[in-house]
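These are the residues of each chain, in order.
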Amino acid sequence: MKTDVKEKRKKKGPGLSKAYVYARDCGLPLVALIFAYIGFKIRDVTAAYKTFLDPDTFFHYEMYRQAISHWIPKYYAYAYPPAGIKAEGYLGLYTMQALFYKVTHALFGTSVLGAFKLWPPFVGAMIVIAVYLIGWKLHSNWAGFWGAAMVMFSTANITKTYSGNNRGEGPFMMFFLFAVFFLLVYIDEKKWNWKKISSAILFLILSPIYMGVWNGSELGVMVLLTLGGLYAIGVFIAGRIAQLKRFTKEYLSILGVSILLGLAVSWTRFIGIGNFLVFAFEVYLALLVLVALMLYGRRLGLKYSDKLHRLGTVSAVLVIGFLAFYGYFGRDLFKFLGQATQSSPLYQTVAELAKTSWSQIAPYFSIRGSDGLVFFIALAGFFLVLFKLTKKLKSGAYDWYKETFIIVYYLATIYLLLNAIRFSFQASGPITILAGILIGEAFVLVERMKESAGTKALYAIFLTLLFIPMPYVGASYAMTQQENSMAYYRFINPKMPGSVPESWMDALSWIANHSSPYDTVMSWWDYGYWEESSLLSHRRAVSDGGHGYDRRYIIARFFSRTNEKAEVDLEAWEDKYVITFLDPFDRQSDFGKFGAIAYLGGAINYGEYRSNAMFGYVQSNQMTVKNNTVLVKFGNAVYEPYLTIDLTNGKVYHGKRAVIPYVLYITSYGGILAYKKIAFSDYVRLALALPFSLNQWDAQKLFANFKLVYTAYNGYIERNYGVKVPSVRVYEFRPFGVYRIDVLENKTWVSIYSTLSGGKLPTGEHEFRLWISAFGRDIKDGKLVFEAYNGTKLIESKVVVENLNMNYLNETPVILKLNVPRATKYRFILIQKGPVGVTNGPVYVNGKLARPSELLKPGESGTIKLTEAFDKAYKNVQFTLRGVLYYYVAPNGTDIYKKGFYLEPHMEIVGYVPVKTLSVKKGDNIIEGKASLPADFFNRYLEEIYKKYGRNKVVIVSERVEPIFLTEKAYIIWEG
């Protein structure tokens, strides 16, 4: 079908020469291909990174590796240990990446990693082509040309299409824009021909693909549904029933087929928005009912005599329909219509979900720097399209669905953008298309002028000179930015340029070489994907960028609190290592993230989180110590810390005058200011290896449970300044540890050992008192075993205490009599029931793939089949289902935006449901058993919590039912 613009060209002005038309129609697409190539080169700069710049991409790489073998990933063992996760979400992304690898490997021999790095810039280049095609179909090839030029260098678009950022947003835009292009070709053709048929087929092929590659692909479905609804209502109110019939027959029918196709494909788990597609199809059916009323309402007695009656009918039906939907869905309706918002304390702390400001938007939509010029050009283009829409409505033109599409697409993405800066990428599509339409309109106006060819040529040259610098300057700036970024990372991190700092690379290499493949690592969640990556340590992570959200509250509690308030049951997660990353010279470290950690952990309230920095770095020349007074200088102001601890000599200084609420730690590389409320948190003490206690024995207890096994230093600082800054510290976690040993001499207890001071057991027969730190887990019916070694040979082993019990919140010393032989090494070992094994493959309930941490709901029964891996053979292993409740208490109320809001996170083991007892071998075991979960499994526990804290102050974060294997486990609690 000929476009409106093409028709007008025939009516106005002298005809364009054939040579010009040929040059334009052939030349502009060729230049658009050049733009695509340049866009590819800009985005491919970061392929030189040894790994990836975007941390989330490490997870996507693991899923992609699975897809190469299985096409649709089923299970991922490394997140949410010890159970792992069912692979869910946008699995279509990994399938398409795997297909891309298969093709490029066959054609060019690309490696698995090479194809993975190649995919995002390829997607970026294809988006450039897609924007050209969409601009051409909506307006003209000039609009497509300039839209392609804009998206080529768009910072907003580059953010999700540079090599090493393999998220789903980029592929979604690519497949969605191509799907829309073929949809427009299909609708434009009046008669059925090869073009109309092939376009319909391609639209239907691309529809489930764009739905499957991103969890936010609801955006595309809603844009097309909204377009269908607005157009149908518009032509009906205008009284153009023939157009409504044609639109229903062509557009609405194929849209319905695409949604049904998406629903069918969702059963393969290729598409992760199946529930939304059910909702979308119900909306679609409601739209069909509305259309039927509009077409055949007269038979029911409805008055369609004029626009006012038709508008009233539509309005009444829409109100009734909305109320019906709300009655059916309830509040869930708004979950479908909304997007990720700051709906919980966790989301409050995610910067990319924060409300957007112009200062954030402008750099993403600029030619160079922060001018925001592309955004303003697109805004003008939006109003131009609105104007054209009104003209088409008046003229009775059929194809105003084109203007409606870009208006709906633009408004939808702008709404998302204003809610969260992360949606700047999605906004880059319609913004560059509209910018292209505005500039393209200027060139089309010149072509339609009545003036002579020479005058037209002058105008065309003027426009070209006016706009041609934009793609050149924009592309040059974008390329320079990418190259500068590459150079910066190579400079600060020559070993491993990319998102992984040298110190982390060293630490993860140590873990990879010194731990069991079944071990679990804990850090703040930002680094979980590094820990899980097969390119790095390849170990399980307690929480990562996309999983273990409920655990983040508990990790934050441990990190930001001290003493009993910090003690959480890390053994429940079978955690083996804890990593700290408090580096004032590394922008990725927890130095700047601790406000969120402290807030989620309950150490500070919402107001403090918003207004107080948790850490600050002070250069050595900004600190003075005189007359037992420490002063810190910032600019022209001088401050005295609340407390100063000099880690270089062990001296402590108390603030005397008006002091700031910070503790200053003086190190060899400068001073670290820590906010008073978190200055002695367990995390800070571990990160700085602080041997100081607020209460007697605090530090001794902490370091009995956490043994420093590796320290990695900031390589950049060491190379350039010759100063060793401990950047990453790795601690081995021990749930139970002896922090003090006393011996009875002359009826007096004398201390012979402590964690920080060391000490030895005296030989011969003595009465000992062992002080055990039980970190977050009680000792129940335990046995204490004493062992003596000569070298590696065990010369004595005996049980010295039976039926040992201890509450971790009320620890009491263990008294025992022991004859200590002469030996080179001694051990105390606690034997009690504990979790062993890690789930190492898909979990099935009644033959269906299940979420490993949500196996059964209360009142349900089922046969569970899974693969469990063990580090050694065990007898009498009890297979159980463990119920875990994650919640927080809000003493000042649950309004998360209230200034005084703070929370107290809790993790409680509700109970264990026995499944079966068995013996297991080392390595993988296929295990099957039947289980039933009591109907009141969680409710009876919840009622106790509500009674204790008040129902209106408790927020349930999650309820977990996960497979756990329990047996007698040996914990080394002391060696010497």
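Rules of the game
- Along each chain, residues carry numbers from 1 onward, in the same order as the chain's sequence is written.
- Confidence filtering applies because this is a predicted model: local features only for residues at pLDDT of at least 70, side-chain atom pairs given and counted only at 80 or more, and all residues used for totals across whole chains, interfaces and linings.
- Side-chain numbers come from the whole structure's heavy atoms, not from hydrogens or water.
- Secondary structure follows DSSP: runs of H or I at least 4 residues long count as helices, runs of E at least 2 residues long count as strands, and numbering of each begins at the N terminus.
- We take the radius of gyration over the C-alpha atoms and set the globule estimate at 2.2 Å times the residue count to the 0.38 power.
- Type-normalised accessible area, obtained with a 1.4 Å probe on protein chains alone, sets the label of each residue: buried when under 20%, exposed when over 50%, and partly exposed for intermediate values.
- When checking whether two residues touch, look at their non-hydrogen atoms; a contact exists if any pair is within 4.5 Å.
- Under the convention used here, a 1.4 Å probe and the Shrake-Rupley method define accessible areas, while residue burial counts only the protein chains that appear.
- Only four residue types enter the charge count, namely Lys and Arg as positive and Asp and Glu as negative; His and the chain termini do not.
- Every charge is mapped onto a representative atom, which is NZ of Lys, CZ of Arg, CG of Asp or CD of Glu.
- Here the expected span of a helix is defined as 1.5 Å times the quantity of residues minus one.
- We place a 1 Å grid over just the protein atoms. Points where a 1.4 Å probe fits but has no way out form a cavity, open points with protein on both sides within 12 Å along at least 5 of 7 lines form a pocket, and any residue with an atom within 4 Å of a point lines it.
- Grid points are joined across faces, edges and corners, and a volume is the space filled by probe spheres set on the points.
- The residue classification treats Ala, Val, Leu, Ile, Met, Phe, Trp, Tyr, Cys and Pro as nonpolar and Asp, Glu, Lys and Arg as charged. All others, Gly included, are polar.
- Stacked, edge-to-face and tilted are the three classes for Phe, Tyr and Trp ring pairs, Trp counted by its six-membered ring, which pair at centre distances within 6.5 Å; planes under 30 degrees apart are stacked, over 60 edge-to-face, the rest tilted.
- Think of it as a cone above the ring: NZ of Lys or CZ of Arg counts as a charge over the ring if it is within 6 Å of the ring centre and within 35 degrees of the ring normal.
- Strands qualify as paired when DSSP identifies two bridges or more between them.
- Between N-to-C directions, angles span 0 to 180 degrees; the directions come from axes that are lines fitted to C-alpha atoms, helices contributing only their stretch in contact.
- In this description, one arc is meant: the one made by directions from the helix axis to the C-beta atoms.
- Crossings are sorted by hand: turned counterclockwise from the far helix by less than a right angle, the near helix makes the crossing left-handed, and turned clockwise it makes it right-handed.
- Salt bridges are counted wherever a side-chain nitrogen of Lys or Arg sits within 4 Å of a carboxyl oxygen of Asp or Glu.
- Under this scheme an angle from 65 to 115 degrees is roughly perpendicular, one under 35 degrees roughly parallel, and one over 145 degrees roughly antiparallel; angles in between are oblique.

A count of helical and extended segments in the protein gives 30 helices and 30 strands. Taking 976 residues into account, the globule formula puts the C-alpha radius of gyration at 30 Å, and the protein, at 33 Å, falls close to it. The principal-axis extents of the C-alpha atoms in the protein amount to approximately 115 × 65 × 60 Å. Looking at the 976 residues of the protein, the share that counts as buried comes to 57%. Nonlocal contacts in the protein, meaning residues at least 24 apart in sequence, comprise 71% of its contacts between residues at least 6 apart. A total accessible area of about 40400 Å² is found for the protein, and carbon and sulfur atoms account for 57% of it. A gap of 8 Å separates the mean positions of the 108 positive and 74 negative side-chain charges of the protein.

Here the focus is helix α12 (residues 274–296). Spacing of three or four residues puts side chains on the same side of an α-helix, whose turn is 3.6 residues. Taking 1.5 Å of rise per residue, the 23 residues of α12 would be expected to cover 33 Å, and the 32 Å separating its terminal C-alpha atoms lies within 8% of that figure. Where α12 is concerned, the buried positions are Gly274, Phe276, Leu277, Phe279, Ala280, Phe281, Tyr284, Leu287, Leu290, Val291, Met294 and Leu295.

Moving on, we come to empty space enclosed by the protein. Applying the stated criterion to the full structure yields 3 cavities of 30 Å³ or more. Computed from the structure, the largest cavity encloses a volume of approximately 50 Å³. When residues in the lining of the largest cavity are grouped by element, the largest group, 3 residues, is from helix α18 (residues 401–419). Across the lining of the largest cavity, the residue classes tally to 4 nonpolar, 1 polar and 3 charged.

To continue, consider the packing of aromatic side chains. Within this structure, the stated rule accounts for 87 aromatic pairs. When the ring of Tyr76 is compared with that of Tyr78, the centres are 5.8 Å apart and the planes differ by 50°; the resulting orientation is tilted. For Tyr76, a relative accessible area of 3% puts it in the buried group. When its relative accessible area of 17% is taken as the criterion, Tyr78 is described as buried. Ring plane angle 75° and centroid distance 6.0 Å describe the contact between Phe733 and Phe775, whose orientation is recorded as edge-to-face. Placement of the pair is Phe733 in strand β15 (residues 726–733) and Phe775 in the loop between β18 (764–774) and β19 (779–790), with a sequence separation of 42 residues. For Phe775, a relative accessible area of 2% puts it in the buried group. Three or more aromatic residues joined by ring pairs form one cluster here, namely Phe558, Phe559, Phe591, Phe594, Phe615, Tyr683, Phe706, Phe733 and Phe775. It is Lys137 that lies over the ring of Trp136; its NZ or CZ is 5.5 Å from the centre.

Turning our eyes to something else, we now look at the sheet that holds β15. An order of β4-β3-β5-β15-β14 is seen for the 5 strands of this open sheet, with the pairing classed as mixed. Every interior strand has two partners, whereas the edge strands, β4 (540–541) and β14 (706–713), have only one. Bridge count for β14 against β15 is 7 bridges, and the pairing is antiparallel. Along β15, the bridge assignment pairs Tyr710 with Val730. Lying on the sheet, helix α28 (residues 698–705) is in contact with β14 and β15; it crosses β14 at an angle near 80°.

A few words on the layout of surface pockets. Its boundaries defined by the atoms lining it, the second largest pocket holds a volume of some 1100 Å³. Lining the second largest pocket are 36 residues, with Asp569, Gly776, Asp778, Lys780 and Ile909 positioned closest to its centre. Secondary structure elements with two or more residues in the lining of the second largest pocket: α24 (549–560), β19, β22 (825–836), β27 (874–889), β28 (904–920), α30 (939–949) and β30 (954–975). At 6 residues, β28 tops the list of elements feeding residues into the lining of the second largest pocket.

Turning next to α30. Listed in full, the buried residues belonging to α30 are Tyr941, Leu942, Ile945 and Tyr946. Taken end-on, α30 shows its buried residues confined to a sector of 140°, consistent with a single buried face. Away from its buried face, by an angle of more than 90 degrees, α30 presents the exposed residues Glu944, Lys947 and Lys948. Those residues of α30 hidden inside the fold are in contact with β27, β28 and β30. Looking one or two residues beyond α30, the residue adopting positive phi is Gly950, at roughly 100°.

Quick look at the sheet that holds β28 now. As summarised here, the arrangement of the 6 strands in space is β20-β19-β22-β30-β27-β28, forming an open sheet in which the pairing is antiparallel. Every interior strand has two partners, whereas the edge strands, β20 (793–806) and β28, have only one. This sheet shows a mean twist of 30° between the axes of neighbouring strands, independent of strand direction. When β19 meets β20, the two strands line up antiparallel, connected through 9 bridges. Looking across to β20, one finds that Ala788 is bridged to Glu796. Running over the sheet, α24 touches β27, β28 and β30 and is turned about 115° from β28.

Contact pair α18 / helix α19 (residues 424–447): the axes reach a minimum separation of 8 Å and the direction vectors enclose 145°. Viewed along their axes, α18 and α19 form a crossing whose handedness is left-handed. Every residue of α19 that contacts α18 at Ile406, Tyr409, Tyr410, Thr413, Ile414 and Leu417 is listed here: Ser424, Gln426, Ala427, Gly429, Pro430, Ile431, Ile433 and Leu434. Looking at side-chain class alone, the contact of α18 with α19 contains 10 nonpolar, 4 polar and no charged residues.

All right, on to the environment of Ala704 then. Structurally, Ala704 can be placed in helix α28. Beyond its immediate chain neighbours, meaning those up to four positions away, Ala704 contacts Arg734, Gly737, Val738, Tyr739 and Thr755.

To continue, consider the pattern of salt bridges. The tally for this structure, following the rule as stated, stands at 37 salt bridges. One salt bridge in this structure joins Asp25 and Arg24, with 2.9 Å as the shortest N-O distance. Given the relative accessible area of 8%, Arg24 is considered buried.

Tracing the backbone through its elements, the reader meets Glu441 in helix α19. Classification of Glu441 as buried rests on a relative accessible area of 10%. Those residues within four positions of Glu441 in sequence are excluded, and the remaining contacts are His139, Leu384, Lys388 and Arg448.

Once that is clear, we can look at the packing of helix α2 (residues 18–44) against helix α5 (residues 112–138). Axis angle and axis distance: for two packed helices, these are the angle between their axes and the distance between the axes, and together they describe the pair. Between α2 and α5, the shortest axis-to-axis distance is 8 Å and the interhelical angle comes to 155°. One finds that α2 runs roughly antiparallel with respect to α5. Where α2 crosses over α5, the handedness of that crossing is right-handed. Mapping the contact onto sequence places Leu28, Pro29, Ala32, Leu33, Phe35, Ala36, Phe40, Arg43 and Asp44 in α2 and Leu118, Pro121, Phe122, Gly124, Ala125, Val128, Ile129 and Tyr132 in α5. Tallied by class, residues from the contact of α2 with α5 come to 14 nonpolar, 1 polar and 2 charged.

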